[in-house]
Every structure is written in C-alpha cells, then in structure tokens.
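# Examination of the molecular architecture
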Amino acid sequence: MRKLTMSLLGIMSSCLAVLPATAQQADSNLVLPDAKPGECYAKVITPARFEARTEEVVVQEASERIETQEAVYQGAEEQVIVKEASQEIEVTPTAFSRETELVETRAAELAWVTGSGDAQMPASPDAIEQIASSGVDTTAVEPGSCFVEYYTAAQYRTESVRVLIKEATQTIEIVPAAFETVDERVVIKEASSEVVDVPAIYRTVSESVLVEPARSVWQENCGVVEQVDNATGDVMCLVELPARYETLTKTVLDKPATTKTINIPAEYKTIQVEKLVSPAREERVDVPAEFTTVDRQVKVSDPVFFWLARGEQADENAITTGREICLTERPAENVEVVREVVSTPPVATTRDVPAQIETIDVQRLLTPASERRIEIPARTKTVTTQIEVAPAKVEWTQVLCRVNMTRDIITQLQEALTREGYDPGPADGVVGQGTLTAIEQYQEAEGIDRGGITLELLKHLQVAF
C-alpha cells in the first residue's frame with residue numbers, strides 16, 4: 001500500500017482541513033490553484049524518496065602470477081667423426097709368362113734354280129712356262145730334274161717386318177687419399193632459453209564515491225527576519241544539504257605480470273678433425289707393346305727364262321746360257337722368338353678404411369623452459385549508496401474540510417457502505433464508531449489508503465459532494 005507523509009503548511013482560513021494519509025494532487029505549483037467554491041486545498045511537502053543500492057567496487061583488478069620452470073637437460077654420450085672414412089687401394093701388377101714361337105722367315109718351297117752349289121739362282125716362271133710349253137709337265141717334274149736355260153735374273157728387295165715380342169699392357173699407380181686437419185666446433189650443450197618472471201606493477205588511486213547525493217529538506221523554526229502579513233506562525237525553510245562522499249583507495253594494475261625470455265647460447269668444444277680432401281684413386285698408365293724388326297726378302301720381278309731339258313737337243317735358234325734349271329726342294333727358314341704374354345692383368349684391390357670416431361659428453365635438451373600462469377582474481381568492496389528516486393516537492397493538494405462534511409454527504413456515505421455490504425449503523429448523517437469501522441473495512445478490502453473519510457473513499461463509493 002502506497003503511503004505518503006504530508007506536512008500541513010497552511011490551510012485556507014475558510015476551511016477546516018481533514019488530512020488523510022494520501023490526498024488527491026491538485027497542483028504542483030506553490031501558487032494557490034484555481035478552486036471551486038467549497039473546495040479546500042492544503043500545501044504539503046512530499047519528501048524525497050531514496051533507495052539504497054549496493055555496488056561492488058573493484059579495489060584491486062584481476063591479474064596473473066607467473067611461475068616458471070627451468071629447462072631440463074639429460075647428459076648423453078655422442079660419437080663424433082674425427083677422421084672420415086676413406087679407401088686404400090692395393091695393386092697387383094701384371095704377370096707375364098714366356099712363350100717360344102718359331103717365326104717363319106722363309107717358307108719351304110720347290111724352286112726352279114739355275115747354277116750349282118752356291119751359284120744356284122732361281123729360274124724364271126717364263127722359263128718354266130716355256131718348259132711346260134715344250135711339252136714337259138712341270139707339275140710332274142721330280143725334284144732334281146734339270147733343264148738348260150736362258151735367263152734374266154730375278155729382282156729382290158729387303159723389307160723390315162715388325163714382329164710383336166711383348167703385348168701392350170697397363171700399369172696402375174695409386175694416388176693415396178689426401179686429408180686436411182681442421183678445427184671443428186662440436187655442440188656439447190644445445191642452445192636453450194630461460195624464462196624470468198617480471199612481476200606486475202600496481203599504482204594506488206584514490207577515488208571519491210558518492211554515498212549520498214545533495215538534496216533539499218524543509219526545516220522548521222529556521223528564524224525569520226522579515227515580518228509577513230497573515231502568517232500562520234508555522235515557518236518552514238527549504239535547506240539544501242550537500243552531497244556526501246567517501247574516499248576509496250584502490251590498487252590499480254598498471255602493468256600486468258609478464259615473463260622475459262633470456263636466450264642461453266649453445267656450448268661448443270673445438271676438436272681437430274681430418275677432413276677428406278680427395279679420396280684415394282688409381283691412375284692407369286699404358287705400356288705399349290714391344291716389337292723386333294726382321295728382314296724379309298721380297299721378290300719384285302721374275303727372271304725371263306728360255307728353258308731346255310738337260311740332254312735335250314736345243315733348236316738351232318736357241319741360245320744357251322750355259323746354265324741349267326733344276327727343280328730343287330728348299331726347306332722353310334724359321335727364327336725362334338721368345339714372347340712375353342700377359343697371363344694375369346693388373347688388378348686394383350680397394351679396401352675400406354673406416355672412419356675414426358671419438359665419444360664426447362653432451363647435454364641434450366629434454367624439456368624447454370616454460371611458464372605457468374595463475375590467475376589472481378580481482379578484489380572488490382561492497383559500497384552502499386543512497387540513490388534519489390523521487391525528489392522532494394511542495395504542492396497544493398485538495399482535501400476535505402468541514403464545509404464538505406454535511407449531514408447529507410455523511411448519509412450518502414453510510415448508504416453506500418451498506419450497499420457494498422458493510423454495516424455503518426443507521427444512515428443518520430452522524431459519523432459514529434460504526435461508520436468509522438465500516439470505512440476502515442472497506443478501505444482495507446479495496447486496497448485504498450486508510451485514514452478516515454477521504455476524497456478517494458467518496459469517489460470509490462460514488463458519493464457526490
């Protein structure tokens with residue numbers, strides 16, 4: 001039920017005001033309203049209404065706390081190559097075997113010769129043909145048969161013939177591997193990083209918080225210097241009370257906590273390492289074949305012969321040379337030559353030379369440095385402030401007064417209460433205890449403000465006044 005507390009400042013001299021708990025508002029101005037005859041108005045003060053509001057004020061903002069964990073290492077052994085793998089080459093030289101070969105310098109032949117002993121000379125084919133044309137089967141002539149001949153000696157020339165006495169081959173020369181000694185940096189502890197806490201930075205801030213706003217209040221007996229005619233004797237002064245503040249100190253996060261990463265360089269160790277510049281290789285050198293020179297007699301022209309068989313009578317026109325051509329058998333002529341033949345060619349055998357390895361101690365990074373952020377919640381403080389929801393006001397409000405309370409109106413009121421089912425007693429126009437009890441019951445049932453006979457009551461019961 002809405003309650004309004006009214007303070008009576010003044011009543012028109014022609015009216016007796018009856019002040020209910022809630023009165024009908026006529027005008028909010030301090031000037032008297034335009035009223036009809038019989039209406040009464042009272043100047044009342046409606047005080048300001050406040051509501052208490054609770055607010056959570058942050059006195060320290062939320063932040064973070066950072067915990068760091070260092071990097072974890074594990075010791076280990078690592079094998080480092082101090083001399084790279086290479087190869088060695090061994091050469092098995094060429095192996096030769098000796099062979100003896102008869103080189104025919106002159107083939108065996110049946111030769112027609114002329115002369116005797118060392119004076120024998122070859123007979124010309126023409127002469128042999130002439131013998132054959134004379135009816136002699138030269139193919140059937142037995143060795144030792146002789147014919148008288150005329151001849152022109154055959155021409156020979158000497159030719160030099162190269163004979164292979166040693167085949168061509170190769171020799172293998174080994175160029176060993178070449179190394180150079182260099183200083184090499186070996187990582188014995190890998191690079192890592194370290195996380196360092198950088199704490200949060202706070203600053204203190206003072207803030208004035210409004211706990212009660214400025215307002216105006218009516219106060220009695222504030223002392224009047226000026227004399228006013230027709231004053232009622234009640235003096236009310238509207239006094240302005242200043243706003244009230246409370247100083248609140250807060251810790252404000254100026255810079256949140258962070259971390260700073262510090263790089264830790266890797267650790268090295270310098271060792272001497274033999275680096276392979278060029279691997280071992282073989283170089284093959286050609287060894288040419290060896291030859292010897294043998295002279296050979298080559299016939300360049302045959303003698304021209306005219307032959308007559310020995311004991312055979314020559315023609316009259318035949319001119320004998322005084323020599324005979326005999327079919328002789330001459331054996332082949334050979335020269336014994338010793339030849340070196342490759343029995344096994346040269347072979348290069350490659351043997352792997354393993355790398356030289358040295359074991360050193362190193363630190364291997366198992367877990368890098370890390371951070372863990374822990375939230376720090378904000379801290380708050382509960383502050384209760386009074387918020388003005390309706391300002392104070394001074395207004396003229398219509399009220400009931402004695403001129404309105406006629407017997408006729410009271411009778412209509414009693415009849416209306418009876419009609420609504422409430423017993424005010426006899427409708428005699430007199431306000432007794434029964435009438436007041438019925439009024440209070442009706443007001444409570446209808447949910448209107450209680451406080452005796454009011455304008456609101458008369459309007460609800462439709463009583464004209």
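Residues numbered from 1 in each chain as written. Predicted model: local features only at pLDDT ≥ 70, side-chain atom pairs only at ≥ 80, totals over all residues. Heavy atoms only, no water.

### Focus on the overall build of the chain
On a plain count of helices and strands, the chain comes out with four helices and 32 strands. Scored against the burial criterion, the 465 residues of the chain give a buried share of 26%. Sequence-distant contacts in the chain: of pairs separated by 6 or more residues, those separated by 24 or more amount to 87%. (Helix = DSSP H or I, 4+ residues; strand = E, 2+ residues; numbered from the N terminus. Buried < 20%, exposed > 50% of the residue type's maximum accessible area, 1.4 Å probe, protein only. Contact = heavy atoms within 4.5 Å.)

### Thoughts on helix H1 (residues 125-133)
Regarding H1, the residues found buried are Ala127, Ile128 and Ile131. Buried residues of H1, seen end-on, are gathered within an arc of 100 degrees and therefore sit on one face of the element. Exposed side chains of H1 directed beyond 90 degrees from the buried face belong to Glu129 and Ser133. Once H1 ends, the next one or two residues include Gly135, with phi positive near 100 degrees. (Arc of directions from axis to C-beta.)

### Overview of the side chain of Gln414
By secondary structure assignment, the location of Gln414 is in helix H2 (residues 407-419). Residue class for Gln414 comes out buried when judged on its relative accessible area of 1%. Here the side chain of Gln414 touches Asp428 through a polar contact of 2.8 Å, landing on its backbone nitrogen. Residue contacts for Gln414: discarding those within four places in its chain leaves Pro424, Pro426, Ala427, Asp428, Gly429, Val430 and Thr435. (Polar contact = N/O pair within 3.5 Å; in protein donor to acceptor, adjacent residues only side chain to side chain.)

### Overview of the packing of aromatic side chains
Under the criterion given, the structure shown has one aromatic pair. A cation over an aromatic ring shows up here: Arg162 above the ring of Phe291, its NZ or CZ 4.0 Å from the ring centre. Over the ring of Tyr268 we find Arg185; its NZ or CZ atom is 3.9 Å from the centre of that ring. (Phe/Tyr/Trp six-rings, centres within 6.5 Å; stacked < 30°, edge-to-face > 60°. Lys NZ or Arg CZ within 6 Å of the ring centre and 35° of its normal.)

### As for the packing of H2 against helix H3 (residues 433-446)
Direction vectors running N to C along H2 and H3 enclose 55 degrees, while the axes themselves pass 11 Å from each other. The orientation of H2 with respect to H3, classified from their angle, is oblique. Relative to H3, the crossing made by H2 is left-handed. Between H2 and H3, the residues in contact are Leu413, Gln414 and Leu417 and Thr435, Ala438, Ile439 and Tyr442, respectively. Tallied by class, the residues present in the contact of H2 with H3 amount to five nonpolar, two polar and no charged. (Axes fitted to C-alpha atoms, helices over the stretch in contact; angles between N-to-C directions. Parallel < 35°, antiparallel > 145°, perpendicular 65-115°, else oblique. Left-handed = near helix turned anticlockwise from the far one by under 90°. Nonpolar A, V, L, I, M, F, W, Y, C, P; charged D, E, K, R; others polar.)

### A look at H3
Taking 1.5 Å of rise per residue, 14 residues should cover 20 Å, and H3 covers 20 Å from first to last C-alpha, within 8% of that figure. Against the buried residues of H3 lie H2 and helix H4 (455-460). Within two residues after H3, Gly447 carries a phi angle of roughly 75 degrees, on the positive side. (Expected span 1.5 Å × (residues − 1).)

### A look at the pattern of salt bridges
On inspection of all chains with the given rule, the structure shows 15 salt bridges. With a closest N to O distance of 3.6 Å, Lys83 and Glu274 form a salt bridge. With Lys83 in strand S7 (residues 72-83) and Glu274 in strand S22 (residues 267-278), this pair connects stretches of sequence that are 191 residues apart. Across the salt bridge formed by Glu84 and Lys275, the nearest N and O atoms sit 3.7 Å from each other. Of this pair, Glu84 sits in the loop between S7 and strand S8 (86-92) while Lys275 is found in strand S22, placing the two residues 191 residues apart along the sequence. With a relative accessible area of 28%, Glu84 lands in the partly exposed category. (Salt bridge = Lys/Arg side-chain N within 4 Å of Asp/Glu carboxyl O.)

### Points about unusual backbone geometry
With a phi angle near 60 degrees, Gln462 is a residue other than glycine that sits in the positive phi range. One can find Gln462 in the segment after H4.

### Section: the confidence of the model for the chain
The pLDDT averaged across the chain works out to 76; a share of 82% of its residues lies at or above 70. When mean pLDDT is compared element by element in the chain, H3 scores highest at 93, while strand S1 (residues 10-11) scores lowest at 34. Confidence drops under pLDDT 50 across residues 1-29; counting only partners more than four residues distant or on other chains, this segment forms 76 contacts. Every residue in residues 223-231 is under pLDDT 50, and counting partners more than four places away or in other chains gives one contact. (pLDDT = per-residue confidence, 0-100.)

### Description of the nonpolar core
Among the nonpolar cores identified, the biggest contains 17 residues, and Leu413, Leu417, Tyr442, Ile453, Leu457 and Leu461 are the most heavily contacted of them. With five residues, H2 is the largest single contributor of residues to this core. In contact with Leu413, not counting residues within four places along its chain, are Ile439, Ile453, Leu457, Leu458, Leu461 and Val463. Grouped together as the second largest cluster of nonpolar side chains are 10 residues, Trp112, Ala123, Ile131 and Ile325 included. (Core = buried A, V, L, I, M, F, W, Y, C linked by side-chain atoms within 4.5 Å.)

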